[in-house]
Amino acid sequence: MQVDTNKFSWFQVPEDIKKLLMLAAQTWENTSESEKYMQQAVAKTGEHTEVLVAAYRYFYYKNNYLLALQTTNQLLDKIKEAEKFPEDWEQLKPILVSRKKDSQIRLYLNAYAASGLVLAKLGEIEQAKIISSRVKEIDGSNDFGAGILLDILTRPPEEDD
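Definitions and cut-offs
- Sequence order as written defines the numbering, with residues in each chain counted from 1.
- In keeping with the predicted nature of the model, local features appear solely for residues at pLDDT of at least 70, side-chain atom pairs appear and are counted solely at 80 or more, and the whole-chain, interface and lining totals rest on all residues.
- Where side-chain values are given, they derive from all heavy atoms of the structure, hydrogens and water being excluded.
- To form a nonpolar core, buried Ala, Val, Leu, Ile, Met, Phe, Trp, Tyr and Cys residues must be joined to one another through side-chain atoms within 4.5 Å.
- Exposure categories follow from relative accessible area, calculated using a 1.4 Å probe and restricted to protein chains: below 20% of the type maximum is buried, above 50% is exposed, and the middle band is partly exposed.
- Only DSSP runs of H or I covering at least 4 residues are called helices, and only runs of E covering at least 2 are called strands; the numbering of each starts at the N terminus.
- Only heavy atoms enter the contact rule, under which two residues are in contact if any of them lie within 4.5 Å.
- Salt bridges, as used here, are contacts in which a Lys or Arg side-chain nitrogen is within 4 Å of a carboxyl oxygen on Asp or Glu.
- The span one expects for a helix is its residue count, reduced by one, times 1.5 Å.

Focus on the nonpolar core
- The biggest cluster of nonpolar side chains holds 47 residues, and the ones touching the most others in it are Met38, Phe59, Phe85, Leu96, Tyr108, Val118 and Val135.
- Listed by contribution, the elements that provide at least two residues to this core are helix H1 (15-26), helix H2 (31-43), helix H3 (49-61), helix H4 (65-83), helix H5 (89-98), helix H6 (103-121), helix H7 (125-138) and helix H8 (146-154).
- In this structure, Phe59 is in contact with Glu35, Met38, Gln39, Asn64, Leu67, Ala68 and Thr71, ignoring residues within four places of it in sequence.

Below, the structure is given as structure tokens:
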């Protein structure tokens, strides 16, 4: 299959990875084939967080929530390592609050909120509530959607009339 990787010159990843991502998109209707390309791209990712973001979206929209969560956790781990984040939330929270305008921190918060959404889809409601609450504490303007998810997860069941 012929792939023109120049169409996506803005996507700053090596040509071989770009080609795999494009093949995954072109074979979208054949899930097993497109997933093979996506997993090859993730395996070659290296330092390219953009590939993990693309893979998360791919797996999420293919309803493969386990792989979406795995990919999101890879992205979170990459950022944690690069930023030398502490493991403890109470130590991490002030760092995220003070730097929430930084693109790398926004990516972290977005991925963390996404992990909460995927956990909710997987039925891990309590863990999803914890993550949503944490992101909402930092994100008063609800840029990452965690407040909406938390409202949905904590809404009392509707009563029949």
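Quick notes on the pattern of salt bridges
- Under the counting rule described, the total for this entry stands at seven salt bridges.
- A salt bridge links Lys18 to Glu15, with the shortest nitrogen-to-oxygen separation between them at 3.6 Å. Here the residue Lys18 and the residue Glu15 both occupy positions in helix H1, the gap between them amounting to three residues, near one helical turn.
- Judged by its relative accessible area of 42%, Glu15 falls in the partly exposed class.
- The residue Asp102 makes a salt bridge to Arg99 at a minimum N-O spacing of 2.9 Å.
- The exposure class of Asp102 is partly exposed, given its relative accessible area of 33%.
- Assessed through its relative accessible area of 26%, Arg99 is described here as partly exposed.
- When salt bridges that share partners are traced, they join Glu83, Arg99 and Asp102 into one network.

A look at H6
- Helix length check: H6, at 19 residues, gives a terminal C-alpha distance of 27 Å against a target of 27 Å (1.5 Å per residue), a fit within 8%.
- Within H6, the full set of buried residues consists of Ile105, Tyr108, Leu109, Ala111, Tyr112, Ala113, Ala114, Ser115, Gly116, Val118, Leu119 and Ala120.
- Where H6 is buried, its residues touch H3, H4, H5, H7 and H8.

Let's talk about unusual backbone geometry
- Although it is not a glycine, Asn63 adopts a positive phi angle of roughly 60°.
- Considering the arrangement of structural elements, one finds Asn63 in the loop between H3 and H4.
- Judged by relative accessible area, Asn63 falls into the exposed class, the value being 52%.

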